[in-house]
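What follows is each chain in one-letter form.
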Amino acid sequence: MKLKLFLFSLILFALICGCYPQDGPIKAEKPPLEDQISAGENTTADSGQERSAGPKAAVNGKLKVHYLNVGQADSILIQTPAGKNILIDGGNSSDGDAVVRYLESQGVQRLDAVVATHPHADHIGGLPRILSAFPVANIYFPNAIHTTRTYENFLRAVNASGAKRIRARAGLKLELDPDVEAAILAPGGDSYEKLNNYSVVLRIEYGNTSFLFTGDAEAESENQMLAGGHLLNEFKTAHSPPNTEYGWG
Amino acid sequence: MFVIDRFEGDFAVVEYGELVFKLPKKILPKSAKEGDLIKIEIKIDESATDLRRREIADLLQFDE
């Protein structure tokens, strides 16, 4: 069942050759899982995320971004050219095993950074299983209280993992790979009514390509980021679910 | 322990041990928010059940 889910997992590759001064054509390719794209020159991945405004220094190598299919939950694996692994969220509790298997299938042996965007179960539920399966260097999570067992289990797993526990906040950088800039843009504050607004927002830049991972950040957090001058207006589309302000939370 | 994990659309997503289920927001107190622990008391409505059985029985008709 879980494996089947993962057949639909989405892998996007950003392959940046660095030998072109202007932005290449942007293509979105959504292959079935395990048919990895061999992305050609000038191909970058676009999933509705932010793009950087101008050319950067030339780089060589591949940045891989895997969007795992965990239903309406979230789990994203980023593999940097230097072989560092970043995991953002781990799906629901019931997704933990499948995420672990997927990471193993991608050659992951350790996680250099885990980002738990915010305490909702569809983001952190699977992380205890994942934290017990791999050595983890650093865990970034917001300073937020939630009362569910799922969050309690997550915190206990974090505390038992031996990983460095880092309070995620705007302005922090993840120093993982010299060619990759990984900056935390939110949360900018320490007190929000909605848990979604505690979401850790991460921007990854590599060559000419930039990804924005927004968790479930909503207007209050978005406005803080915009006011801070971090973001362009396209960010406004980040969490705009159909029908309701809560969306797929 | 029943805990509201989050809201999705017209529903509250409630954690109960290993189970997760949704409750319509409209049957919750207006002040309910994520992170609240809630008490759920369920009673069997005998008279409404009887009435309902009679309504359905009236519709259950055979020609032969």
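Along each chain, numbering runs from 1 in the same order as the chain's sequence is written. Think of it this way: whatever chain is written first is A, whatever ligand is written first is 1, and the rest follow in order. Only residues with pLDDT of at least 70 get local features here, since the model is predicted, and only at 80 or more are side-chain atom pairs given and counted; chain-wide, interface and lining totals rely on the full set of residues. Calculation of side-chain values draws on the structure's entire complement of heavy atoms; hydrogens and water are dropped beforehand.

### Focus on the overall build of chain A
Here is step 1 of the chain: For chain A, the helix and strand inventory stands at 6 helices and 13 strands.
Here is step 2 of the chain: Three labels apply to residues, based on accessible area from a 1.4 Å probe with only protein chains included: buried if under 20% of the type maximum, exposed if over 50%, partly exposed otherwise in between. Counting across all 249 residues of chain A, residues that qualify as buried make up 54%.
Here is step 3 of the chain: Working rule for contacts: check all heavy atoms of both residues, and any pair within 4.5 Å makes them a contact. Taking the contacts inside chain A whose residues are at least 6 apart along the sequence as the reference set, 62% of them involve residues at least 24 apart. Each helix corresponds to a stretch of at least 4 residues labelled H or I by DSSP, and each strand to a stretch of at least 2 residues labelled E; elements are numbered beginning at the N terminus.

### Overview of the sheet that holds strand E12 (residues 201–206) of chain A
Residues and elements named next belong to chain A.
Here is step 1 of the chain: The pairing criterion for strands is at least two bridges between them, as found by DSSP. Strands sit in the order E10-E11-E12-E13 across an open sheet of 4 strands; the sheet is antiparallel. Of all strands in the sheet, those bounded by a partner on one side alone are strand E10 (173–174) and strand E13 (209–213).
Here is step 2 of the chain: As judged from the 6 bridges shared by strand E11 (residues 180–186) and E12, these two strands associate in the antiparallel manner. What sits directly across from Ala186, in E12, is Val201.

### Side note on the packing of aromatic side chains
Residue and element names in this part refer to chain A.
Here is step 1 of the chain: Ring pairs are drawn from Phe, Tyr and Trp, using the six-membered ring of Trp, whenever the two centres fall within 6.5 Å, and their geometry is named by plane angle: stacked under 30 degrees, edge-to-face over 60, tilted for the rest. Applying the stated criterion to the full structure yields 7 aromatic pairs over all chains.
Here is step 2 of the chain: On the basis of an interplanar angle of 90° and a centroid distance of 5.8 Å, the ring pair of Phe141 and Phe154 is categorised as edge-to-face. Here the residue Phe141 occupies a position in strand E8 (residues 136–141), and Phe154 occupies one in helix H5 (residues 149–161), the gap between them amounting to 13 residues.
Here is step 3 of the chain: Judged by relative accessible area, Phe141 falls into the buried class, the value being 14%.
Here is step 4 of the chain: With a relative accessible area of 1%, Phe154 lands in the buried category.

### Quick look at the interface of chain A and chain B
Here is step 1 of the chain: Across the boundary between the two partners, chain A contributes 19 residues, which contact 14 residues of chain B.
Here is step 2 of the chain: A 1.4 Å probe defines the accessible area here, and the buried area is the portion of it lost by two parts on being joined, summed over both. Between chain A and chain B lies a buried interface of about 1,200 Å² when both sides are counted; carbon and sulfur atoms form 51% of it.
Here is step 3 of the chain: The rule for a salt bridge is simple: a side-chain nitrogen of Lys or Arg has to be within 4 Å of a carboxyl oxygen of Asp or Glu. Applying the counting criterion to the chain A and chain B interface returns 1 salt bridge.
Here is step 4 of the chain: Between Arg6 of chain B and Asp122 of chain A there is a salt bridge, with its nearest N and O atoms 3.6 Å apart.
Here is step 5 of the chain: Within 3.5 Å is the distance limit for a polar contact, defined as a pair of N or O atoms, with the added protein rule that one can donate a hydrogen and the other accept it, and that residues adjacent in sequence qualify only through two side-chain atoms. Our count for the chain A to chain B interface comes out at 8 residue pairs in polar contact (both at pLDDT 80 or more).
Here is step 6 of the chain: Elements that contribute at least two residues to the side of chain A that touches chain B include exactly helix H3 (121–124) and H5 of chain A.
Here is step 7 of the chain: Ten residue types, Ala, Val, Leu, Ile, Met, Phe, Trp, Tyr, Cys and Pro, are classed as nonpolar, four, Asp, Glu, Lys and Arg, as charged, and the remainder, Gly among them, as polar. Classifying every residue of the side of chain A that touches chain B gives 5 nonpolar, 10 polar and 4 charged.

### Considerations on the confidence of the model for chain B
Here is step 1 of the chain: The pLDDT score gives, residue by residue, the confidence of the prediction method on a 0 to 100 scale. Considering every residue of chain B, the mean pLDDT works out to 94; 100% of them sit at 70 or more.
Here is step 2 of the chain: Taken together, the chains of this predicted complex give a pTM of 0.77 and an interface ipTM of 0.79.

### Observations concerning the pattern of salt bridges
Here is step 1 of the chain: Taken as a whole and judged by the stated rule, the model has 13 salt bridges over all chains.
Here is step 2 of the chain: When the shortest N-O distance is used, the salt bridge between Arg203 of chain A and Glu205 of chain A registers 3.9 Å. The burial state of Arg203 of chain A is the same as that of Glu205 of chain A; both residues are buried.
Here is step 3 of the chain: Overlapping salt bridges, with partners in common, bring together Asp122 of chain A together with Asp5, Arg6, Glu8 and Lys22 of chain B in one network.

### Points about the sheet that holds strand E2 (residues 11–16) of chain B
Backbone-to-backbone hydrogen bonds pair the strands of a sheet. The strands run either parallel or antiparallel.
Here is step 1 of the chain: Strand order in the open sheet made by the 4 strands is E3-E2-E1-E4 (chain B), with antiparallel pairing throughout. Two strands close off the open sheet at either side, each with one partner strand: strand E3 (19–24) and strand E4 (37–38) of chain B.

### Brief notes about the pairing of strand E5 (residues 76–79) of chain A
Residues and elements named next belong to chain A.
Here is step 1 of the chain: The alternating pattern of E5 places Ile76 and Ile78 on one face and Leu77 and Gln79 on the opposite face, and all of these are buried.
Here is step 2 of the chain: As defined by bridge partners, strand E4 (residues 62–67) adjoins E5 across 4 bridges and the pair is classed as antiparallel. By the bridge assignment, Val65 is partnered in E5 with Ile78.
Here is step 3 of the chain: The pairing of E5 with strand E6 (residues 85–88) spans 4 bridges and is classified as antiparallel.

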